[in-house]
Structure formats: structure tokens, C-alpha cells
Amino acid sequence: MPKASLNGVTLAESKLTEFVEGNYYFPRDSIKEEYFKPSAAKTTTFCPWKGHAQYYDLDVDGTVVKDAVWYYPETFEKANHIKDYVAFYKNKVEIVD
């Protein structure tokens, strides 16, 4: 079962992930929201087939990782299956499947 963690702390874990472009997207109800903070930089990006992404910083026991997580609050039709799912940068957190 895919799991995302930082410093040994589980951030998300679910059998119901979506795998898109090499990234696991976790359903919102599988994340531990206490570690997720809106991006301090208010980072956004755009994907031509998914839409506009927004970001979260992570704060785990005082370790802050900026813009480690992204999600699409609204998606284009082809990406509806990941609307409000979250994905993690593999170089910022540990992802195991």
C-alpha cells in the first residue's frame, strides 16, 4: 500500500491512490492534516491537462519542508480522478509502495 512519510512519520497511506505521471496521488481522507500547512510562498503551478495546482508546506516535529505537496482543487476533465488528491515530491519525502 503506498505511503508517504517524513522523518519516520506517516503523512499519508492508502490503497486508493491514483498513479499519474510517476506520482502517487493520495485521497484527501488518507492524509494526516496536522502536518500540512498552506504554502507560505503561496506557490501555484499550471499543467495543461490537469489545471492549476496549489501547494502545502509540511511541518513534522519542527522540520519544515516547503512546497513538498501539491493538489488540484479544480481540474480539467481528463484529470477529474485526481481532483483534491495530494501528491508529494519524491525528493522531499519518502514514498514507498
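The structure reproduced in this document is the subject of the present report. Numbers given for residues are sequential positions, taken from 1 along each chain in its written order. This being a predicted model, a pLDDT of at least 70 is required before a residue's local features are given, and a value of 80 or more before pairs of side-chain atoms are given or counted; all residues contribute to the totals for chains, interfaces and linings. With hydrogens and water stripped out, all remaining heavy atoms of the structure feed into the side-chain values.

### Things to note about the sheet that holds strand 2 (residues 9–13)
Item 1. Only when DSSP finds a minimum of two bridges between them are two strands counted as paired. By definition, any uninterrupted DSSP run of H or I lasting at least four residues is a helix, any uninterrupted run of E lasting at least two residues is a strand, and each is numbered from the N terminus. With antiparallel pairing, the three strands of this open sheet are ordered in space as 2-1-10. Pairing within the sheet leaves two strands with one partner each, and these edge strands are strand 2 and strand 10 (94–96). Adjacent strand axes in the sheet meet at a mean angle of 25°, parallel and antiparallel pairs treated alike.
Item 2. Pairing of strand 1 (residues 3–6) with strand 10 involves three bridges; the strand directions are antiparallel. When the bridges of strand 10 are listed, Lys 3 appears paired with Val 96. Only the stretch in contact is used when fitting a helix axis, every axis being a line fitted to C-alpha atoms; angles between N-to-C directions are given from 0 to 180 degrees.

### Quick look at the nonpolar core
Item 1. For this analysis, a nonpolar core means a set of buried residues of the types Ala, Val, Leu, Ile, Met, Phe, Trp, Tyr and Cys, connected via side-chain atoms within 4.5 Å. Relative accessibility under 20% of the residue-type maximum defines a buried residue, over 50% an exposed one, and the middle range a partly exposed one, all with a 1.4 Å probe and only protein chains included. Core analysis: the largest hydrophobic core is formed by 20 residues, its most contacted members being Leu 11, Phe 26, Phe 36, Leu 58, Val 69, Val 86 and Phe 88.
Item 2. Counting only elements with at least two residues in this core, the list comes to strand 1, strand 2, strand 4 (23–26), strand 7 (51–60), strand 8 (63–71) and strand 9 (86–88).
Item 3. Top contributing element to this core by residue count: strand 8, with four residues.
Item 4. Here, residues are in contact when the closest pair of their heavy atoms is within 4.5 Å. Once residues within four sequence positions are removed from consideration, Phe 88 is found in contact with Ala 4, Leu 11, Ala 12, Asn 23, Tyr 24, Phe 26, Phe 36, Ala 68, Val 69, Trp 70, Val 93 and Ile 95.
Item 5. Formed by eleven residues, the second largest nonpolar core is a distinct cluster that contains Val 20, Ala 53, Tyr 55 and Tyr 85.

### Topic: the packing of aromatic side chains
Item 1. Any pair of Phe, Tyr and Trp rings, taking the six-membered ring for Trp, is counted once the centres come within 6.5 Å. Such a pair is stacked with planes under 30 degrees apart, edge-to-face with planes over 60 apart, and tilted for the rest. Tallying each qualifying case throughout the model produces nine aromatic pairs.
Item 2. Plain terms: the ring middles of Phe 26 and Phe 88 are 5.6 Å apart, the flat faces sit at 80° to each other, and that makes the pair edge-to-face. Of this pair, Phe 26 sits in strand 4 while Phe 88 sits in strand 9, and the two are 62 residues apart along the sequence.
Item 3. Ring centres 5.0 Å apart and planes at 20° place the aromatic pair Tyr 56 and Tyr 71 in the stacked group. Separated by 15 residues along the polypeptide, Tyr 56 in strand 7 and Tyr 71 in strand 8 bring together distant segments of the chain. Taken as a pair, Tyr 56 and Tyr 71 share a single burial class, namely buried.
Item 4. What links up through ring pairs into an aromatic cluster is the set Phe 26, Phe 36, Tyr 56, Tyr 71 and Phe 88.
Item 5. Each ring is checked for a lysine NZ or an arginine CZ that lies within 6 Å of its centre and within 35 degrees of its normal; such an atom marks a charge sitting over the ring. The residue whose ring lies beneath Arg 28 is Tyr 71, and the NZ or CZ to ring-centre distance is 4.9 Å.

None of the figures reported here should be taken as evidence of function without further support.
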